[in-house]
Amino acid sequence: MTDPVPGPARGRRLSAYAAHFTRTDPRLGAFTVRGVDPLKDAVLLHRWVTHPKASFWLMRHDSLTDVERAYMAIAAAEHHDAYLGLHNGAPAFLIERYDPAHVELKGLYAAEPGDTGMHFLVDPQPARPLHGFTRAVLTTVLEFLFSDPAVRRVVVEPDVRNTAVHALNEAVGFRVVEKLAKPEKEALLSVCTRADFAAATGGGAR
């Protein structure tokens, strides 16, 4: 089940702290999404983004101050938002949502109305690893994004070397479009429509 409060549509800014979303997974329990507090969450996020398993996040050598400043900049940005995901009340994953016509992919692909970009990072060192957890997180992330009725497609651009996330993306309905040369990496541009997500997950967003 879900209890969404839609996030901002393209070009319309709402406070990240006002956004709220919950999803109950029949096997793993409750997933909740709230806005990142750049100062209060910085220590936690610094531990996650600098972990060796989070190398594709590209913040491996950032200081705590660097992380605070990065998420303060996102909080102030017009086309970028950050959210903390909780699993049964405990912090478990990070989401960044962005408008790909203005951030990350500006000028690199043919943006369509209703596109929203996404990055996600799961706690790289959980206290108790759970089978299927990362896929449940990604399903939650997409349901959260599609809870905004203005969103028609979710766009991602993971590193071509990140084979684990490519497999996860395919499992929830993403289709590869092309390889892109970005300043920081060679990326695999992929998109997921509402229909593709619903078909891949047996329900999902419509």
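Position numbers for residues start from 1 in each chain and track the written sequence from start to end. Local features in this predicted model are restricted to residues whose pLDDT is 70 or higher, and side-chain atom pairs enter the listing and the counts only when it is 80 or higher, whereas totals over whole chains, interfaces and linings include all residues. Neither water nor hydrogens contribute to the side-chain values; these are computed over all heavy atoms in the structure.

S.K.: Can you help me understand the overall build of the chain in this one?
M.R.: The numbering of helices and of strands both runs from the N terminus, where a helix is a DSSP run of H or I of at least 4 residues and a strand a run of E of at least 2. Helices and strands together make up the secondary structure of the chain, namely 5 helices and 8 strands. From first element to last, N terminus to C terminus, the chain shows the α and β order β-β-α-α-β-β-β-α-β-α-β-β-α. Each accessible area is a Shrake-Rupley result for a 1.4 Å probe, and residues are judged covered by the shown protein chains and nothing else. Split by element, the accessible area of the chain, about 10,000 Å² in all, is 55% carbon and sulfur.

S.K.: Would you explain the nonpolar core in this entry?
M.R.: It is characteristic of soluble globular proteins that their nonpolar side chains tend to be buried jointly. Phe93 and Met118 are the most contacted members of the largest nonpolar core, which has 29 residues in total. Elements that contribute at least two residues to this core include exactly β2 (29-35), β4 (90-98), β5 (115-122), α3 (133-146), β6 (153-156) and α4 (163-171). Contacts of Met118, omitting those with residues within four sequence positions, involve Ile95, Glu96, Tyr98, Leu138, Val141, Leu145, Val154, Val155, Val156 and Phe174. What makes a nonpolar core is a set of buried Ala, Val, Leu, Ile, Met, Phe, Trp, Tyr and Cys residues whose side-chain atoms join them at distances within 4.5 Å. Working definition: with a 1.4 Å probe on protein chains only, accessible area under 20% of the residue-type maximum means buried, over 50% means exposed, and in between means partly exposed. Counting 16 residues, the second-largest nonpolar core is a separate cluster that includes Leu45, Tyr71, Ile74 and Leu84. Should any heavy atoms of two residues lie within 4.5 Å, those residues are counted as being in contact.

S.K.: Where do I start with the layout of surface pockets in this structure?
M.R.: Summary: where empty space remains is shown by rolling a probe the size of a single water molecule over the atoms. A cavity here means a set of 1 Å grid points, computed over protein atoms only, where a 1.4 Å probe fits but cannot escape. A pocket is an open set with protein on both sides within 12 Å along at least 5 of 7 lines, and lining residues have an atom within 4 Å of a point. Grid points are joined across faces, edges and corners, and a volume is the space filled by probe spheres set on the points. As a volume, the largest pocket reaches approximately 1,200 Å³. For the largest pocket, the lining is made up of 41 residues, of which Trp57, Phe120, Leu121, Val122 and Asp123 are closest to its centre. At the level of secondary structure, the elements contributing two or more residues to the lining of the largest pocket comprise α2 (64-76), β3 (80-87), β4, β5, α3 and α4. Ranked by the residues each element gives to the lining of the largest pocket, the list is headed by β5, at 5 residues. Classification convention: Asp, Glu, Lys, Arg as charged; Ala, Val, Leu, Ile, Met, Phe, Trp, Tyr, Cys, Pro as nonpolar; all other residues, Gly among them, as polar. Residue composition of the lining of the largest pocket, grouped by class: 26 nonpolar, 6 polar and 9 charged.

S.K.: Is there a simple way to think about the pairing of β6 in this case?
M.R.: The side chains of a regular strand alternate between the sheet's two faces. The alternating pattern of β6 places Arg153 and Val155 and Val154 and Val156 on opposite faces, both of which are buried. As defined by bridge partners, β5 adjoins β6 across 3 bridges and the pair is classed as parallel. Bridging from a neighbouring strand, Gly117 pairs with Val155 of β6. Whether a crossover is right-handed depends on one test, that the path from the first strand over the helix to the second runs clockwise when the strands point away from the viewer. Of the crossover connections in this fold, the one passing from β5 over α3 to the parallel β6 is right-handed. A pair of strands is labelled paired if DSSP reports no fewer than 2 bridges between them.

S.K.: Which parts of the structure should I look at to understand the side chain of Asp99?
M.R.: Here Asp99 shows up in the loop between β4 and β5. Polar contacts here mean pairs of N or O atoms no more than 3.5 Å apart (in protein, one a potential hydrogen donor and the other a potential acceptor; neighbouring residues in sequence count only if both atoms are side-chain atoms). Of note is the side chain of Asp99, whose polar atom sits 3.0 Å from the backbone nitrogen of Ala101.

S.K.: Could you clarify how one ought to interpret the pattern of salt bridges in this entry?
M.R.: Side-chain pairs of opposite charge can arise where the charged atoms are in close proximity. Salt bridges are counted wherever a side-chain nitrogen of Lys or Arg sits within 4 Å of a carboxyl oxygen of Asp or Glu. Taken as a whole and judged by the stated rule, the model has 12 salt bridges. Note that Arg23 is salt-bridged to Asp25, the shortest N-O span being 3.2 Å. Judged by its relative accessible area of 12%, Asp25 falls in the buried class. A salt bridge links Glu184 to Lys182, with the nearest nitrogen and oxygen atoms 3.0 Å apart. Sharing partners across several salt bridges, the network here consists of Glu104, Glu157, Lys182, Glu184 and Lys185.

S.K.: Help me understand the packing of aromatic side chains, please; the structure alone is not making it clear to me.
M.R.: For any pair of aromatic rings, the description consists of the separation of the ring centres together with the inter-plane angle of the planes. Two rings from Phe, Tyr or Trp (for Trp, the six-membered ring) form a pair when their centres are within 6.5 Å of each other. A pair whose planes differ by under 30 degrees is stacked, one over 60 is edge-to-face, and the rest are tilted. According to the stated counting rule, one finds 5 aromatic pairs in the structure shown. Seen in terms of ring centroids, Phe31 and Phe93 are 6.2 Å apart; in terms of plane orientation they differ by 55°. Their pairing is tilted. With a gap of 62 residues between them, Phe31 in strand β2 and Phe93 in strand β4 connect regions that are remote in the sequence. For Phe93, a relative accessible area of 0% gives the class buried.

S.K.: Please explain the packing of α3 against α4 as it appears in this structure.
M.R.: Two numbers describe a pair of packed helices, the interaxial angle and the distance between the axes. Following both chains from N to C, one finds α3 and α4 inclined at 55°, their axes separated by 10 Å at the closest point. Judged by the angle between their axes, α3 and α4 are oblique. As for how α3 packs across α4, the hand of that crossing is right-handed. Facing α3, whose interface residues are Thr134, Arg135 and Leu138, α4 presents Leu168, Asn169 and Ala171. In the contact of α3 with α4, the residues fall into 3 nonpolar, 2 polar and 1 charged. In this analysis, axes come from line fits to C-alpha atoms, helices being fitted only over the stretch in contact, and the angle between any two N-to-C directions falls in the range 0 to 180 degrees. Working definition: roughly parallel below 35 degrees, roughly antiparallel above 145 degrees, roughly perpendicular at 65 to 115 degrees, and oblique for all remaining angles. Handedness of each helix crossing follows the sense of rotation of the near helix against the far helix: counterclockwise by less than a right angle gives left-handed, clockwise gives right-handed.

S.K.: Is there a simple way to explain unusual backbone geometry in this structure?
M.R.: A negative phi angle is the norm for most residues apart from glycine, just as the trans form is the norm for most peptide bonds. Despite not being glycine, Asn88 has its phi angle at roughly 50°, a positive value. Inspection of the secondary structure assignment puts Asn88 in the loop between β3 and β4. Of note in the backbone geometry, Glu104 takes a positive phi value of approximately 70° without being a glycine. Of note, Glu104 is situated in the loop between β4 and β5.

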